[in-house]
Amino acid sequence: MKILGLHHITIVCADAQRTVDFYTQVLGLRLLKQTVNFDAPDSYHLYFGDEKGTPGTAITYFEWPGAPKGQTGIGSTHHYALRVASEDGLLKWKRRLTDLGIPVKGPYNRNYFRSIYFQDPDGVNIEIATDGPGWTVDEAADALGTSFQPVPEEMQSENRDEAAIKAITWPEPVPVITEDMSLLKGMHHISATSSSIERTDWFYSELLGMRRIKMTNNFDDPNSAHWYWGVDDSPPGTVVTYFERDRANTRRSQMGAGLTHHFALGVDNEDEQAAFQARLRQAGFRVSDIIDRIYFKSIYTTDPDGHIVEIATMGPGFLIDEDDEEMIGMRLKLPAWLEPRRSVIESMLKPIKAQPWRGLQEAGR
């Protein structure tokens, strides 16, 4: 009975085509699946990730046309981070995004990694973070998360030279995505907002059995807590972090375009999923029945502040209904129970234009 890491994150967008263009042409991810929200089949559910849709690489979107902009706050994700191998790759991303007219903040030294920040067309906060130097820069590997580690003063926002940071970039244009820029390894971490970091710690450490790996404070608000949880040695792709915010002075989140609907943690199989279901119910949490999502099985609960958290199986995977490698993500896929309604469903969806996957460099042209 073990959480294996991040599985996917699901976000709300207002325009499916705009989202496809951004994730495939700007970030170089693969459009893995065009399907619908199984609970509201008049709207798209799009999946992006690596070549095969490996759990941990999947960024998914519900399209809600005309949806008002969502508001982050208590009970929501603040941002999610994608992985890049090196600082050179990070600086290339800054240059590429800036040249495309996308404002970028950073690169910032986050002690455990280096990162930049920008937004997608719906205002989703996205971070790109390097794989290293890692969690052991201020604690021994066998003592991670056991004592408070303050953010070094020079890394706090009030002490940063933002003008100098803004000037740091790659010296040449980056018209295509190079191998050292690849984001196909998937997510680095997900950061959400809590009104009680101790209660959040109980949820992840005690109920879900994840390892607390860092107790520190917020780089941009040193008077507030920022804690991290992961799996085993907590490599990128297994980590969830929370900022603590004062409930009296912080709004609750409001669902809408640009806001995370839920994120999912991965487990090996349905037996382990059912065990987590029973444990969460015994602890007083509302938990859904096990639901067949075709590409995985799911249960849904919430963290103590109401953020939807899914626990999803690692399989059977996104290729279960694909029979043509080159056409993955190019056609609308429906579960068997919705196939009789295909013509009606298609009439409610605006067709998406997308190019077949031709590899990383071609994706980023």
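Residues numbered from 1 in each chain as written. Predicted model: local features only at pLDDT ≥ 70, side-chain atom pairs only at ≥ 80, totals over all residues. Heavy atoms only, no water.

J.: Hey, could you go over the environment of His8 for me, with residue numbers and the actual values?
T.: Examined against the element boundaries, His8 turns out to sit in strand S1 (residues 5–13). Separated by 45 residues in sequence, His8 and Gly53 place their C-alpha atoms 9.7 Å apart. In this structure His8 touches Ala58, Thr60, Met187, His262, Phe263, Ala264, Phe296 and Glu310, once residues within four positions along its chain are discounted. Polar contacts involving the side chain of His8 include one to the side chain of His7, which spans 2.8 Å. (Helix = DSSP H or I, 4+ residues; strand = E, 2+ residues; numbered from the N terminus. Contact = heavy atoms within 4.5 Å. Polar contact = N/O pair within 3.5 Å; in protein donor to acceptor, adjacent residues only side chain to side chain.)

J.: So what's going on with unusual backbone geometry? Which residues, and what values?
T.: With an omega dihedral of 15°, the bond running from Gly106 to Pro107 counts as a cis peptide bond. A cis amide bond links Gly132 with the next residue in sequence, Pro133, at an omega value of 15°. Looking at where Pro133 falls in the secondary structure, it is placed in strand S8 (residues 125–133). Its identity as a non-glycine residue notwithstanding, Asn111 has a phi of 70°, on the positive side. Residue placement: Asn111 occurs in the loop between strand S6 (105–109) and strand S7 (113–119). The backbone of Ile294 sits at a positive phi, close to 70°, despite the residue not being glycine. Note that Ile294 resides in the loop between strand S14 (291–292) and strand S15 (296–302).

J.: Give a description of the environment of Val137 that names residues and reports values.
T.: Relative to the helices and strands, Val137 is located in the loop between S8 and helix H3 (162–167). Each C-alpha atom of the pair Val137 and Asn111 lies 7.5 Å from the other, and the pair is 26 residues apart in sequence. Not counting residues within four places of it along the chain, the set of residues in contact with Val137 comprises Asn111 and Tyr112.

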